[in-house]
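Survey of secondary and tertiary structure
Below, each chain spelled out in residue letters.
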Amino acid sequence: EPKKRKAMSVGDKTGMFSPAIRSRVSGFIFHTILGNSYLWGGIALYVTSYLRKYDSTLTMSDSAILLPLGFVFQTAAYMVSHFLQDKLGVRKAIITGWLMVCAAPLISSFVTNFYLFIFTYTCMFSFGQGLVYVTAIMSSWEYYPDKKATSTGIIM
C-alpha cells in the first residue's frame, strides 16, 4: 500500500508563502517552461539539416515522427508519475523530471545520430516533461482537494 503524504494546511508556513500557494505558483512556472516542447515545428528544418551531414538519407518526413512520439512518452510519464511520487516523494519526482528535461537538449546538442537524437530529445525530454507536468498538478491537489479544477486552471 502506498504511503500517504501528509498534506499541509494553507496556514502552515515554512517561508514567505505557504506550501499550498507555492504549489500553485511553482506549478504555473513549470507549465510555462514546459510549453517549449511544441517548439519542434520551428526547429525541425534546422535539426534535420544538421543531422543530414551525418546521414544523407534523412528527410523531413523522417523527423516528422518526433512530436507525436514525444506525446507518447509524455503520456507514459503521466501514468508513472504517481508511482514515482509515492516512492520518491513529490520533490524528488519533480527533480527527476527536471533533470531529464534539462539534460535532454544539452545531450541532444552533441548527438550526430538521428536515432540517438530521437532518444535524447524526444523520449528523454518528453518523459521528464510528463513527470513534472502531472506531479505539479497533483501536488496542488493535495493542498486544495475541494478545488482541483481551480488549482489545475491556475497552473495551466
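These numbers were taken from a predicted model, which means no experiment stands behind them.

The next thing to look at is a nonpolar patch on the surface. Together, Tyr38, Leu67 and Phe71 make up a nonpolar patch on the protein surface, roughly 270 Å² of accessible area in all. One can find leucine 67 in helix H4 (residues 66-88).

With that settled, consider the packing of H4 against helix H5 (residues 90-108). Two elements in contact, H4 and H5, have axes whose closest approach is 7 Å; the angle formed by their N-to-C orientations is 125°. Comparing the axis directions of H4 and H5 gives the class oblique. The element H4 and its partner H5 pack so that their crossing is right-handed. On H5, the residues that touch Leu84, Gln85 and Leu88 of H4 are Val90, Lys92, Ala93 and Thr96. Class assignment of the residues belonging to the contact of H4 with H5 gives a composition of 4 nonpolar, 2 polar and 1 charged.

Right, let's get into the confidence of the model for the protein chain. Of the residues in the protein chain, 78% have a pLDDT of 70 or more, and the chain-wide mean is 80. When mean pLDDT is taken per element in the protein chain, helix H3 (residues 60-63) scores highest with 90 and helix H1 (residues 19-34) scores lowest with 66. Between residues 7-13, whose pLDDT stays under 50, and residues either more than four places distant or in other chains, the model counts 10 contacts.

On to helix H7 (residues 148-155). Since one α-helical turn is 3.6 residues long, residues separated by three or four positions face the same way. Listed as buried for H7 are Ser151, Thr152 and Ile155. When H7 is viewed along its axis, its buried side chains cluster within an angular range of 95° and face the same direction. The exposed residues of H7 that point more than 90 degrees off its buried face are Ala149 and Gly153.

Trp40, Ala44, Val47, Leu51, Leu58, Leu66, Val111, Phe114, Phe117, Ile118, Tyr121 and Cys123 together form the largest nonpolar core, which totals 12 residues. When contributions to this core are tallied by element, the ones reaching two or more residues are helix H2 (40-52) and helix H6 (114-143). Of all the elements, H6 adds the most residues to this core, at 5 residues. Counting 8 residues, the second largest nonpolar core, distinct from the first, contains Ile94, Trp98, Val101 and Met124.

Attention shifts here to H2. Over its 13 residues, H2 extends 17 Å from the first C-alpha to the last, a length consistent with the 18 Å expected when each residue adds 1.5 Å. Within the sequence span of H2, burial applies to Trp40, Ala44, Val47, Thr48 and Leu51. Buried residues in H2 make contact with H3, H4 and H6.

Conventions we followed
Residues numbered from 1 in each chain as written. Predicted model: local features only at pLDDT ≥ 70, side-chain atom pairs only at ≥ 80, totals over all residues. Heavy atoms only, no water. Patch = residues over 30% accessible without salt bridge, like charges linked within 9 Å, V, L, I, M, F, W, Y side chains within 5 Å. Areas by Shrake-Rupley, 256 points an atom, 1.4 Å probe, with all protein chains shown as cover. Salt bridge = Lys/Arg side-chain N within 4 Å of Asp/Glu carboxyl O. Helix = DSSP H or I, 4+ residues; strand = E, 2+ residues; numbered from the N terminus. Axes fitted to C-alpha atoms, helices over the stretch in contact; angles between N-to-C directions. Parallel < 35°, antiparallel > 145°, perpendicular 65-115°, else oblique. Left-handed = near helix turned anticlockwise from the far one by under 90°. Contact = heavy atoms within 4.5 Å. Nonpolar A, V, L, I, M, F, W, Y, C, P; charged D, E, K, R; others polar. pLDDT = per-residue confidence, 0-100. Buried < 20%, exposed > 50% of the residue type's maximum accessible area, 1.4 Å probe, protein only. Arc of directions from axis to C-beta. Core = buried A, V, L, I, M, F, W, Y, C linked by side-chain atoms within 4.5 Å. Expected span 1.5 Å × (residues − 1).

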